[in-house]
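The chain contents come next:
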Amino acid sequence: VSTQSTGSSGINAEYGQHYFKQINLSTRLLRMLQNSRRGLGLFWNTRFLTIETKKKPITVSQYSSLQKKINEFASKPKNQPTLHSIMMESNNKSKNRLIQSCQYMRHEFLVRVAHVITHLQNLPYIILTNEDIKRVLDLYMYAFTDMLHQPVIRSMKDVDNFNENLSGLLEDLTDIILLLSKGIHDSQLHVNDPEFPAIIGKTMDYIVINRLCNRILARHHLSMHIQREGYISVVNTDLSLKKVIQRNATFSANVCQNVYMETLPEVIIDGHADARVAFIPNIIDYVIREVLKNAFRATVENNLHQVEKPPIICTISNSADYWKIRVSDRGSGMSDNTLGNMEKYCFTSFKQKQEEQEYSQAFGEIFNPAVANRGG
């Protein structure tokens, strides 16, 4: 495979017998291709393509001015809207309300991104030298700068332009958690400090929660411009818990099959299987997918000698006050050491063989671009 840059917005690429000559890309698409595995998935895996762009380097004075703005917004408190307030605000879709929503979203985006940048900048220097961590910081700095220079919103045309830009920034930041996970995993090999897990844990908790809140607010704002049946803003008011389990069981089973090439356990859903709740689908999808992924792996690894694997049982419990999903498998359980370390970001019980590392990471950490960007 060979790649060559033809300038700031062109690509020459050779892949097998296929040639792509001087493909002119818009600024938005080019940035999406640079920052997102999902964008490059339109062509091929990112490892086969290098995109070079000629960017004017930032001056010291420009960086100093930008850092002052970051510090300014990082000193401001974040608003904490509730699910109830989000649903109530969705009822008003007047022109003035949509403009106000854009202004509010811009402010909150800048404040939250500035907080994340400050947390990243306060990490130990050796962690910041990691290429993936630097990439994360660069992506957040770019997002902050882009939003900071967003024109004043006065008309519906400005609203449409803002929404397009916001959607692009969300796309650019899609792989943040993947890059952070890989960067921290690589960094711990060079750090001999017992406080490292605590430092990383605090920072990762903050970034993950902040990112989740930011994306919910952004999706809420964007959803005010569309009408979806069964939804109020980002909340599905008639969410089937059974369907949530089924689609994530299918996803986890496919990944497990690609790694182990074994017969897979059946997923049985019992309890209040017809229960429907009001919730944000992306959040529950992510949680259930991770739990089922672990259940599939534990069941297959600890029953390799059996052709027919014991089932994974998902029990739904629904009442007037709460609902629960319990996932039970017949793996080996967790040792005391694993149980004590399971919430640490740098810990994994998944022991990889050298020759299986690429496939193991696809299942253990979802780094494989083919499965990385599911669930939103």
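A quick note: this is a predicted structure, and the numbers were derived from the prediction, not measured.

Caption draft 1: Layout of the overall build of the protein. Per the secondary structure count, the protein includes 15 helices and nine strands. Looking at the protein residue by residue over its 376 residues, the buried ones come to 41%. Partitioning the intrachain contacts of the protein with sequence separation of at least 6 by distance along the chain shows that 75% fall at a separation of at least 24. If you sum the accessible surface of the protein, you get close to 21300 Å²; carbon and sulfur atoms cover 51% of it.

Caption draft 2: The side chain of Gln150, seen in detail. You can see Gln150 is positioned in the loop between helix 7 (131-148) and helix 8 (156-172). Leaving out residues up to four positions away in the same chain, Gln150 has contacts with Arg106, Asn161, Phe162 and Asn165.

Caption draft 3: Seen up close, the sheet that holds strand 5 (residues 235-240). Strand order in the open sheet made by the three strands is 4-5-7, with antiparallel pairing throughout. Each having just a single partner strand, strand 4 (231-232) and strand 7 (276-279) make up the two edges of the open sheet. Two strands pair when backbone bridges link them, and strand 4 and strand 5 are joined in this way by two bridges, in the antiparallel orientation. Residue Ile232 lies in a different strand from strand 5, and its bridge partner there is Val235. Helix 11 (residues 241-260) contacts strand 5 and strand 7 of the sheet and is inclined by roughly 80° relative to strand 5.

Caption draft 4: Inspection of unusual backbone geometry at higher detail. In this structure, Ser233 takes a positive phi of about 60° despite not being glycine. Along the chain, Ser233 turns up in the loop between strand 4 and strand 5. Residue Met261 is not a glycine yet carries a positive backbone phi of 55°. Locating Met261 in the fold gives a position in the loop between helix 11 and strand 6 (267-271). Looking at Met261, the relative accessible area reads 62%, which means it is exposed.

Caption draft 5: Structural view of helix 12 (residues 281-301). Look at helix 12: 30 Å from first C-alpha to last across 21 residues, which is about the 30 Å you get at 1.5 Å a residue. Where helix 12 is concerned, the buried positions are Pro281, Ile284, Asp285, Ile288, Arg289, Leu292, Lys293, Ala295, Phe296, Arg297, Thr299 and Val300.

Caption draft 6: Representation of the packing of aromatic side chains. Going through the model one piece at a time under the given rule, you end up with two aromatic pairs. Seen in terms of ring centroids, Phe73 and Phe144 are 5.9 Å apart; in terms of plane orientation they differ by 75°. Their pairing is edge-to-face. With Phe73 in helix 3 (residues 60-74) and Phe144 in helix 7, the pair connects residues that are 71 residues apart, well separated along the chain. Residues Phe73 and Phe144 agree in their burial class; the two are buried. Over the ring of Phe73 we find Lys76; its NZ or CZ atom is 4.4 Å from the centre of that ring.

Criteria and cut-off values
Residues numbered from 1 in each chain as written. Predicted model: local features only at pLDDT ≥ 70, side-chain atom pairs only at ≥ 80, totals over all residues. Heavy atoms only, no water. Helix = DSSP H or I, 4+ residues; strand = E, 2+ residues; numbered from the N terminus. Buried < 20%, exposed > 50% of the residue type's maximum accessible area, 1.4 Å probe, protein only. Contact = heavy atoms within 4.5 Å. Areas by Shrake-Rupley, 256 points an atom, 1.4 Å probe, with all protein chains shown as cover. Pairing = 2+ DSSP bridges. Axes fitted to C-alpha atoms, helices over the stretch in contact; angles between N-to-C directions. Expected span 1.5 Å × (residues − 1). Phe/Tyr/Trp six-rings, centres within 6.5 Å; stacked < 30°, edge-to-face > 60°. Lys NZ or Arg CZ within 6 Å of the ring centre and 35° of its normal.

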